[in-house]
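Here is what each chain is made of, one letter per residue.
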Amino acid sequence: MVFLHHQNPSRKRPSSSFVPPFPPPKVPKSQNDGVAVDAVEKMASILAEGGCTLVNPLGPPSLPADPFKLRRHLSRLFASSFDDRSLFLSGFSSHIQSPSNLRRVLISSNGSGFGPGRSESLVRHLLLVGPIQLDLQIMLLEKLPEYFDVVSGDSQSSLSLDDDVARLIINQFRWLDFIVDPDSFTDKLMQVLSICPLHLKKEIIGSLPEIIGDQNNKNVVDSLEQMIHEDPSVIVPLLDSFSNLNLDDQLQEQVITIALSCIRTIDAEHMPCLLRFLLLSATQVNVRRIISHIREHLKFVRVPNARTMQKNKLKGKLLVDNTEASILDALRSSLQFKSILCQEILKELNGLERPRDHKVIDIWLLVLLYSNGESMRKSIEKVFKKKIIEDCIQEVMLDQCICGNKELAQEYFLSFLSLSEYLVACKEQKARDFGIYMYTLLFEEFADTYSRQEVLGALVTHVGSGVSFEISSALQIMVSFASKHARELIPLSSHINGILDYLEGLTVENLYKVYEVFSHMSLLARSSADCFGSSIANELLIIVRKQVSHPDLKYKKMGLIGILKIVSCLGDANNVTLSSPFQKSNAEEALELLETCLESCKQSSLTLIFFYDELTAILESRTLHPVIMDWIGKHVGEFESIFLSDLDGGQLPCRTTYCGLEGELWMNLDGEISPICLNILPLASSSTSASLQYLPANFHLLSAVERVTNQGSLGGIDALLGCPLLLPSSKYFSEAEWQSLTGKQKQIICLSLYYAINWIRELLNAFCTQVAGGFEFTSQSTKEDIMLKLLKRLRNLVFLESLLNHSIQTCPVALPQLHLQVDRCGSTLINQPNHGNKEKKNEPKTTHESTSPNKRKHKKISKTSTTGTDGKLRQPTLLDMLRKTGAVTSQEMPNDISSKENTSASVDKHSDVFNESVLIEVSPVSQALESQKFRFRPLLLECFSILTFSKNHEPCCSDPVAELPLYLYLIRDLHCKLDYFAAPGKQCSMRSLISATVSRMTLDEFLSKIRPLFPSLKRILDSSFCILNGGNETCEEHWNVLSATAGNPDITNLVPSKSSISPMVFKEVLHSFSKMLSLPETQRGKPVLSDLLKAFQPNKALDAGASDVQPCPSPGTIEYSYLGACSFVESILDAACSSSFILASEALFTLESAVISVQKVIDKLEGDDKSIQSGLSQILPLLRSRLGSSAQKLLKHKWDNERLENGWKNKGEIVQKILRIYLEYTESTSDLLDELACKILPQVSFTTREEDDDYGFPTLCSATLLLWYRVLFEVNLTALDKLVKDVVRLEKFRPGFQPENVHSHLIKMQKNVNVVVALVSMCRTYDKVTLHAMAVKYGGKFMDSFLKAFDFLQVHFQMHNEVIILLVKELQKATRTIQTLCSEAKGLKQTAITGKVPATKRSLERFLFRVKALLHATSSGCTFWMGNLKHKDLRGQVVSSQAYVDDGNDNIDEDPEGAVDVDPQVIVGSASENSEME
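Since the model is a prediction, treat every value here as computed from it, not as a measurement.

Broken down by element type, the protein chain carries 69 helices and 11 strands. Taking the intrachain contacts of the protein chain between residues at least 6 apart in sequence as the baseline, contacts between residues at least 24 apart amount to 77%. With the model as given, the accessible surface of the protein chain reaches about 62,800 Å², and the carbon-plus-sulfur share is 51%.

In this fold, R707 is placed in helix α36 (residues 695-709). R707 has contacts with E620, G712, S713, L714, A766, T769 and Q770, leaving out every residue within four places of it along the chain.

Moving on, we come to the pairing of strand β5 (residues 725-728). Sheet topology note: the strand β3 (residues 661-666)/β5 ladder contains four bridges and is antiparallel. The residue of β5 that forms the bridge with L665 is L726. Note that strand β4 (residues 676-679) and β5 share two bridges and pair parallel. Bridge pairing in β5 places L678 opposite L725.

This paragraph deals with the sheet that holds strand β1 (residues 644-646). Reading across from one edge, β1-β4-β5-β3-β2 is the order of the five strands in this open sheet, with mixed pairing throughout. Two strands close off the open sheet at either side, each with one partner strand: β1 and β2 (657-658).

Taking 1.5 Å as the rise per residue, helix α52 (residues 1061-1078) with 18 residues should run 26 Å; its terminal C-alpha atoms sit 26 Å apart, in good agreement. In terms of burial, α52 is a largely internal element, 13 of the 18 residues being buried.

Right, let's get into the pattern of salt bridges. Summed over all chains, the structure comprises 46 salt bridges. For D785, the salt bridge is made with K789, and the minimal N-O distance between the two is 3.7 Å. Of this pair, D785 and K789 both sit in helix α41 (residues 780-810), four residues apart, which is roughly one turn of the helix. The class of D785 is partly exposed, set by a relative accessible area of 38%.

At a minimum axis separation of 11 Å, helix α11 (residues 217-230) and helix α13 (residues 249-261) run at an interaxial angle of 5°. As far as their axial angle goes, α13 and α11 are roughly parallel. Between α11, through N217, K218, V221, D222, E225, I228 and H229, and α13, the contact on the second element is made entirely by L251, Q254, V255, I258 and S261.

Below, the discussion takes up the packing of aromatic side chains. Applying the stated rule across the entire model yields 33 aromatic pairs. Both rings, one in F88 and one in F92, keep their centres 6.4 Å apart while their planes meet at 10°; by these two values the pair is stacked. With a gap of four residues between them, F88 and F92 both fall in helix α4 (residues 82-95), about one helical turn apart. Of the two residues examined, F88 and F92, each falls in the buried class. Look at F1346 and F1407: their rings are 6.1 Å apart centre to centre, the planes differ by 70°, and that puts the pair in the edge-to-face class. Of this pair, F1346 sits in helix α64 (residues 1329-1347) while F1407 sits in helix α68 (residues 1397-1418), placing them 61 residues apart in sequence. What links up through ring pairs into an aromatic cluster is the set F611, Y612, F639, F643, Y694, F699 and W759.

For the rest of this paragraph, the subject is helix α24 (residues 429-445). Look at α24: 24 Å from first C-alpha to last across 17 residues, which is about the 24 Å you get at 1.5 Å a residue. Here α24 lies mainly inside the structure; 13 of its 17 residues are buried.

Our focus in this paragraph is the pairing of β3. With two bridges connecting them, β2 and β3 associate as antiparallel partners. The partner of T657 across the bridge, within β3, is E662.

Under the counting rule described, the total for this entry stands at zero disulfides. Sulfur of C677: no disulfide; nearest cysteine sulfur belongs to C723 and is 7.3 Å away. A relative accessible area of 0% means that C677 is categorised as buried.

Let's shift gears to the nonpolar core. Core analysis: the biggest nonpolar cluster contains 445 residues, and F416, F611, L720 and F1346 have the highest contact counts within it. Per-element tally for this core: the top contributor is helix α39 (residues 743-767), with 15 residues. Dropping the residues within four chain positions of it, L720 is found in contact with F639, L644, I676, F699, L702, W759 and L763.

What follows deals with the environment of L1093. Relative to the elements of secondary structure, L1093 occurs in helix α54 (residues 1086-1095). On the accessibility criterion, L1093 (0% relative accessible area) is buried. For the pair formed by L1093 and A1154, sequence separation is 61 residues and the distance between their alpha carbons is 9.5 Å. Dropping the residues within four chain positions of it, L1093 is found in contact with L1077, I1118, S1121, Y1122 and A1125.

Attention shifts here to the packing of helix α12 (residues 235-244) against helix α14 (residues 271-280). In contact at an axis separation of 10 Å, α12 and α14 are set at 20° when each is read in the N-to-C sense. The angle between α12 and α14 places the two elements in the roughly parallel class. Here α12 and α14 pass one another in a crossing that is left-handed. Within the contact between the two elements, α12 uses V236, L239, F242 and S243 and α14 uses C273, L274 and F277. Of the residues assigned to the contact of α12 with α14, the class counts are six nonpolar, one polar and no charged.

Attention shifts here to the environment of R332. Tracing the sequence through the fold places R332 in helix α17 (residues 322-337). Excluding its chain neighbours within four sequence positions, the residues that come into contact with R332 are L368, S371, N372, E411 and Y412.

Positioned with a positive phi, D391 is a non-glycine residue whose angle comes to about 65°. Assignment of secondary structure puts D391 in the loop between α20 (377-389) and α21 (395-402). On the accessibility criterion, D391 (34% relative accessible area) is partly exposed. Unusually for a residue other than glycine, M667 sits at a positive phi of about 60°. Mapped onto the elements, M667 comes out in the loop between β3 and β4.

Next up on the list: the confidence of the model for the protein chain. For the protein chain, mean pLDDT is 77; residues scoring 70 or higher make up 76% of the total. Here residues 111-117 is a poorly scored stretch, pLDDT under 50, and it has seven contacts once near neighbours within four places are set aside; other chains count. With pLDDT under 50 throughout, residues 952-957 is counted as low confidence; its partners more than four residues away or in other chains account for eight contacts.

The next subject is the side chain of S730. Checked against the element boundaries, S730 lands in the loop between β5 and α38 (735-740). Residue class for S730 comes out buried when judged on its relative accessible area of 18%. Apart from residues no more than four positions distant in its own chain, S730 is found in contact with E664, W666, P1049 and I1051.

So, on to the environment of S94. Position of S94 among the secondary structure elements: in helix α4. Given the relative accessible area of 18%, S94 is considered buried. For the pair S94 and A39, spaced 55 residues apart in sequence, the C-alpha separation works out to 7.9 Å.

Parameters at a glance
Residues numbered from 1 in each chain as written. Predicted model: local features only at pLDDT ≥ 70, side-chain atom pairs only at ≥ 80, totals over all residues. Heavy atoms only, no water. Helix = DSSP H or I, 4+ residues; strand = E, 2+ residues; numbered from the N terminus. Contact = heavy atoms within 4.5 Å. Areas by Shrake-Rupley, 256 points an atom, 1.4 Å probe, with all protein chains shown as cover. Pairing = 2+ DSSP bridges. Expected span 1.5 Å × (residues − 1). Buried < 20%, exposed > 50% of the residue type's maximum accessible area, 1.4 Å probe, protein only. Salt bridge = Lys/Arg side-chain N within 4 Å of Asp/Glu carboxyl O. Axes fitted to C-alpha atoms, helices over the stretch in contact; angles between N-to-C directions. Parallel < 35°, antiparallel > 145°, perpendicular 65-115°, else oblique. Phe/Tyr/Trp six-rings, centres within 6.5 Å; stacked < 30°, edge-to-face > 60°. Disulfide = S-S within 2.5 Å. Core = buried A, V, L, I, M, F, W, Y, C linked by side-chain atoms within 4.5 Å. Left-handed = near helix turned anticlockwise from the far one by under 90°. Nonpolar A, V, L, I, M, F, W, Y, C, P; charged D, E, K, R; others polar. pLDDT = per-residue confidence, 0-100.

Okay, structure coming up:
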């Protein structure tokens, strides 16, 4: 009856159509025992009493219409009767032994778990009966293993949920309303879970949050942690469970730790899920740990070999695994939704200092952050640039990101491109080099049209920026593209042509690059049938032809550069291209362009000089077509007919005068056998004087052609090396003759000397190539003869420049420009021709009226010029320019140029220049010529080979002074070239004499050229040092004999300098050695550095220096060479102390450069060569100690007036630098600062003389007190800044570091405060306004730096309150004085101080309120209050004019120390104008 009663309504349910897959069940009967049958029947009857029919032929058990009634019935029954509960459980257990019965009680009554007619399974309802829930849970879990093997492999995907009994059992546990015993249930579940097959294990793990809810999470997490270690493949469902579990902070951290441990072992396909979980779980507490672990262990991008890919032509075609793109997408999306992740990544990267700590993932993280939005782009760009400059992000890392990973990087192409744009626009050379590499990589890897158009468009934008270094870098990239990918660029030429719009604003160097780009493309285009190619070539030729025919010199130079660059490509013998039969060949086209060029250049000497020099550079770098070489050879063949004359037995055939001047053969090295001479005087005094302007450039081209055609030999023109020069007679350099000359004749003499100087310079440039390299065709005797002549020509050069230097003082002449410099420092081409135009206008003045070939231009010049009585043109603006540059002083210039009286007076005034009673020193340093030296022809690097020549005999005695002027001349030129390379990014002088060859040379190439000079520099230094020590007297006879041998005329009042040459050589060699040590390429290149250090070793074996280092460096190692070089410089310094303060200080600065070089070499070798790095690290402390001791020695040395050279005047910068070295390289800078500021400096008086008092430092006197004062302030401020940075960094990365470290930092800070208090207190006794101004300025800066440490002070105030309060109280003494200084400066209108008052006042006010906030926040028991203070002067006297509102505050400033000590009270006055902080 009961069963029947419950079957009828079940047929009316919507699920009545369900057809059971199994036959109606039968109650199992035991054959051995009927107890089980009874139990099943009892169980069925209990269910029937609740309205549930257990056996339903049509499917699962039929549940009552009100299931809750069934649950209540069972709960009451089982709670009241333990026997019924036991029988029910026993019967249910027996019933589900049959798989079909188990499946029926597990599925829902309507056969599905969804839809409006949804009902729960019988087991589900029974699990909601509290008394039997745990037993049923355990019973079902124990049944679960029986169905592990029902489904094997991947076939479970084909079974529905109703057919999978194991999954049905798990589903019964989900979303239960309550769990009676969660601990027991969880333990049992975890036991079963540990033996489940993988697919079921994933199912259960993923369902854990739905099964167990928020209870017993600790056991669940522990069990899952053990499980993930045993089987990492369950990571994805495990992460899902962790995400859905409601965990407390402690368990959340445990879960994060579990996830972090999986990064190294997880499969790549699961990595995106792990990263999302970690990043989205990040909090302020764990974000740093998460980012660090991801950076450390994430290796998600495969690293293909880029070179192998290029060889196999697979570049860009490597298929990228989808998982890698998914990883990047997971990172990007997580970073987009969590701002703390972005900030932490930047902090993490900023905190890394060593290059080896950086990984490829760092680049990807920065790119992902960069692509996420605009808000952080500036910060990311700064971090990216910083890491590149520090060599932390390197090119190989970028290769691993992009090379072979085109599909992966394609989505981030624009981000990479934007970073490239930023880097190329940076000032730092390293950043620009990396940007260049990025551009190149993007262009080569992304070969699609869109990407390449974007790259080219960005480069054209750089070119239009107007910033020289940015333009240069962009054009360098374009040149690289054109040389490697010209064919690919031709279809994209429309995107490049925009560069031509910016030609006028480009420097000469950048113009070369522009035309090189288009020349490569046009060369390829001429052999291409493509219409794009032919149009490029035609357009380029049209542009350059228009430019070169333009009357403006600016555009003409642009055209010259373009044509010669095209000629170098078209005329190259190695570029064999097929041209159309309807067009000219490449050689014919190049030849026609050259003829057009030459015809256009004949109108101006400057353009002709430029044409010759550029053509010479092409010959030296390329092999031109024979047709072009023949044309050049014919042109330079005219050299002899223009510039040379025949001699008869080494003498002039007849004597003639030129403009009233007699000629004379000077400097004949070949004697009677010389067949020719150089016609300088005849040409300088004739209408063809303009030809002398291009004489050196023409000869430069001639020598290049000779070398090219004769395998490097100049044997065909060797007569020019020894041939004499036809110059004005030497008698004109006497007093009487010089006074009798007209102004025009004096100008001719000066210009003749000038052209002779530049002729000899080009001789040296040409013939030094014959001895600088090893030529098999040159015999040893020929080499020796050339060496001897070169030495003589160098002596001629020094002689002529000394003579011209003194001649030009009485006859100011604007020398014509013989060299068009190629500036690399940012000066635009528009400014360059101005020099040329000025020279063209001044040409009549520099020679005479008939020199201008253009009468129309001559008339134009005469209108704006003033004609003097001697007939020469004068331009006051030019003379003003010479006066400004130092070539002419104001006393040397006549007040009225048009006045005869003033002109004659000027001549009389300078008539003593060539008086026999006034000696003219022969010196390579020509003061009057220095301002015009940039007009000279530059010396090439080959000329430095003269320094390596050794003389086999001496004419009369061993007198090195006679040779030092020659060496000094070359070393000064070497020094200029080193300065040029030392700071290429800085603004260099427009007047630097640098050849185009050197300007196009890299620093590595330059160092390889001068590398053989190192031993010679050491030899010359030893020679000059011996002269300084020994005091050898100059043998004038020796100089005269050598001068006569070189063919110099006998001018009696011309003698070698006795006093200045040796010290100057000493300084120049040391300075050059220091500069070479400081060059980055020297520090990076071990061979060059090793050779340089070995050359400057002491003459005796190194013993004392190496003995202080354990283990002692082995000879030949770089650390041994450093010790030797430093010992050598120290020995020079010790000896120089007895002769000259200037030389001793120069030696000290060289020693400092060596020590700095050691540190930089250590930094550059990090991770490359551990042995060298370790050896240098051992000697560095010793070298630093020696440097500090040497600086101390100079400061404590007793210098007399003779060794000081004019006392302490003009030596302030030197003294400051020595003092800085002493303070920086001492053992404890803070202790030394404390001693000097508190004990030594206050003893010095401005009124006493230097020799009256001795404070232990003879260099500290009234004349140098202000220098010491400034240096102590600045070094103390630097020490505080460094201390504050260390403190902030330690608090940031290691919060709460050791108390002893805190105390040591506070003690150092106390010393800094003591120093500033002592220095500021000196203002009470010294009334110098300059000293007061420095106290106000640096006092305010000190306050600003000190305020940055207040967070640190606040954190540690509780443990160190006494020390911190003492700091504040001590600093009040300085603030009181500074307040008084500010008040007095306003009253006395001391403008040197008042300009610094506002900033200092703001700093003092900030300090006041930060102290107040510190004491209130810490609640330390200290009281803080503010009050108005009396207005007192520096001596403590009350200013009577000050009115006070409250007389009760009159005693505030009477005893400030006592006030602070009370209770302990910190009394702070307001920071108003007449108040201060106490």
